[in-house]
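Secondary and tertiary structure notes
Residues per chain are reported as follows:
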Amino acid sequence: MKNIIQNLDKAFENKLRLGIMSILSVNASTSYNSLKETLEATDGNLASHLKHLEKVGYLSVTKSFINRKPNTEYSITESGKAAFEKHLAALEAIIKGL
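Presented here is a report on the structure given in the accompanying data block. Note that the structure is a prediction, hence the values are computed from the model and not measured. (Residues numbered from 1 in each chain as written. Predicted model: local features only at pLDDT ≥ 70, side-chain atom pairs only at ≥ 80, totals over all residues. Heavy atoms only, no water.)

1. Quick word on the sheet that holds strand β1 (residues 30-31)
Applicable threshold: Strand pairing is assigned whenever DSSP identifies at least 2 bridges connecting the two strands. Secondary structure elements are defined from DSSP: runs of H or I of at least 4 residues count as helices, runs of E of at least 2 residues count as strands, and each element is numbered from the N terminus.
Across the sheet, which stays open at both edges, the three strands sit in the order β1-β3-β2 with antiparallel pairing between neighbours. At either end of the open sheet lies a strand with only one pairing partner, and these are β1 and β2 (59-66). Across two bridges, β1 lies against strand β3 (residues 69-76) in antiparallel orientation. The residue bridging Thr 30 from the neighbouring strand is Tyr 74, located in β3.

What follows is the structure in C-alpha cells.
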C-alpha cells in the first residue's frame, strides 16, 4: 500500500504555519500585524513560525516605514506556492481515499 502521507510537507504540520500560508496564498502580501490579528497569535509564536517558513524559502519579507513606523510585509514565494499547492493536493487525495 502506498504511503498516503508521503506528499505532505512537514513545514505545514503546525496549524499556525498552515494559517500563514493560507492567508498568503490568497493575498499578494500581508503585514505582520494583520497576520498576528487574524491568526490570534502571540508575537513570539508568530515570529518563530514566520522565520521557519522564510528559512525554507516559502516566504519573502519586505521591511519599510509607513508614517515613520516600521512595517513588515510577508508574501509567498513561487517555491512556497508550489509546495503549499502540493500539500493541499496531498490532503485532498487523503480525504478522497478514505
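2. Side note on the packing of helix α1 (residues 15-25) against helix α3 (residues 43-55)
We apply this condition: Here the axes come from fitting lines to C-alpha atoms, over the contacting stretch only for helices, and the angles between their N-to-C directions go from 0 to 180 degrees. Roughly parallel means an angle under 35 degrees; roughly antiparallel, over 145; roughly perpendicular, 65 to 115; everything else is oblique. What makes a crossing left-handed is the near helix being turned counterclockwise from the far one by less than a right angle; a clockwise turn instead makes it right-handed. Here, two residues are considered to be in contact whenever any of their heavy atoms come within 4.5 Å of each other. For this classification, Asp, Glu, Lys and Arg are treated as charged, while Ala, Val, Leu, Ile, Met, Phe, Trp, Tyr, Cys and Pro are nonpolar and the rest, including Gly, are polar.
Two elements in contact, α1 and α3, have axes whose closest approach is 10 Å; the angle formed by their N-to-C orientations is 70°. The angle between the axes of α1 and α3 places the two elements in the roughly perpendicular class. Remark: the crossing between α1 and α3 carries right-handed chirality. The residues of α3 that touch α1, namely those facing Leu 16, Arg 17, Ile 20 and Met 21, are Asn 45, Leu 46, His 49, Leu 50, His 52 and Leu 53. A per-class count over the contact of α1 with α3 returns six nonpolar, three polar and one charged.

3. Brief notes about the packing of α1 against helix α4 (residues 78-97)
In the contact formed by α1 and α4, the axes pass within 11 Å of each other and the chain directions differ by 115°. In terms of orientation, α1 lies roughly perpendicular with respect to α4. Viewed along their axes, α1 and α4 form a crossing whose handedness is left-handed. Two secondary-structure elements touch here, α1 through Leu 18, Met 21, Ser 22 and Ser 25 and α4 through Gly 80, Phe 84 and His 87. Along the lines of polarity and charge, the residues of the contact of α1 with α4 split into three nonpolar, four polar and no charged.

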